[in-house]
Amino acid sequence: AARGLVPPTDGDRGGRMASGLVMNQDLSKILNELWKADEHRMVPGVDYKISVQGKAGYVAAGSNNARDCARRPLFSYVNEDRLRSIKSFAAFTALLDNYEMSTGIAEVVTPEEMAENFHFLDVILETKVMQLAHQYLVSKNLTSTSERGFRQHLYDIWFQLYSRGGRGRDSSGFEHVFVGETKRGKEIMGLHNWVQFYLQEKHNHIDYKGFVARRDKNKPDEDDQVLTLQFSWKEMVKPVGSSFIGVSPEFEFALYTICFLLSTAKVSRELVMVDEFHLQIVVYRHGKYIGSSYPVLLSNNNTPLE
């Protein structure tokens, strides 16, 4: 498969896709720069190994009955020494146990947790990926020119608590996207991060059910770094969930932050080519904060996976 930014094939700005969206070349360019700069990305088959197994069946929204088309876990191996020794992964992993999973129950952020949040931001701001993202956003007049101002901006959009309809401030962008939460204990929301998926699977909280693909789409390769999955988490089923696999926390933070700040729409869907992956990056806005964000892997004929 072609590496890096793929040139336009037809029409304006890379051709109009079946979804009616147009390839965003400017966004694709900066995201490929981030991809190339992501020195902490894990190498498939070396730093981790996955087993995609069978194709998942259809599950209606709200149903918690899913046929298990994958007898084994998704992750057969992850180099945990790298998770512990790479500062951004270590700082990220420390944040994952700071959240109450059910919405409707107000979160309490302790001083220690706030310090962990800022420590994580300090660590990722040292990376080339986040420095590139900062330069790009400054060039678009979308954030502060100072690192301190950018750090506070990141904290606000990712870690500030807000209500998803409960009585108190029960959610945040970080919790939804990277940790996962539930709607009244009945439905999984978010959980689009591979490290959290791996750790929850290791502790037998997640049961991988199989990959999700169109009828005409081939089975994913085990070195694909974007996957669409079906799984259960503490007995609740997520019929379709998309995640990058193996990428660093700073890469996802940078990518989603850029997409969030480039748009003021309630929901933005940007068509991009990142490395060999033809993606739609979806971002939901919750006022001034990130509501959700995830990649949708597109098939070779430019139609979204179902």
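Look up: the structure comes first, before these words.
Every chain's residues receive numbers from 1 upward, in the order its sequence appears when written. Thresholds applied to this predicted model are a pLDDT of at least 70 for local features of residues and 80 or more for the giving and counting of side-chain atom pairs; totals over whole chains, interfaces and linings are not thresholded and use all residues. To get the side-chain values, all heavy atoms of the structure are used, and hydrogens and water are removed first.

1. Topic: the environment of S232
Item 1. Elements are defined by DSSP. Helices are runs of H or I of four residues or more, strands are runs of E of two residues or more, and each kind is numbered from the N terminus. With respect to the secondary-structure elements, S232 resides in strand β6 (residues 226–233).
Item 2. Summary of the burial criterion: residues with accessible area below 20% of their type's maximum are buried, those above 50% are exposed, and those between are partly exposed, where the area comes from a 1.4 Å probe applied to protein chains only. Classification of S232 by relative accessible area gives buried; the value is 10%.
Item 3. In the structure, S232 is positioned 166 residues away from A66 in sequence and 8.2 Å away in space, judged by C-alpha atoms.
Item 4. Dropping the residues within four chain positions of it, S232 is found in contact with I188, H205, I206, D207, K209 and V237. Throughout, a residue-residue contact means that at least one pair of heavy atoms, one from each residue, lies within 4.5 Å.

2. Quick word on the pattern of salt bridges
Item 1. Salt bridge, as used here: a side-chain nitrogen of Lys or Arg that lies within 4 Å of a carboxyl oxygen of Asp or Glu. One pass over the structure, following the stated rule, counts 10 salt bridges.
Item 2. Note that R41 and D38 form a salt bridge whose closest N and O atoms lie 3.9 Å from each other.
Item 3. Since its relative accessible area comes to 5%, D38 is described here as buried.
Item 4. Here K87 and E126 are joined by a salt bridge, their closest N and O atoms 3.7 Å apart. One end of the pair, K87, is in helix α3 (residues 87–95); the other, E126, is in the loop between α4 (111–125) and α5 (128–139), with 39 residues separating them in the sequence.
Item 5. Salt bridges linked by common partners bring E80, D81, R84 and K202 together as one network.

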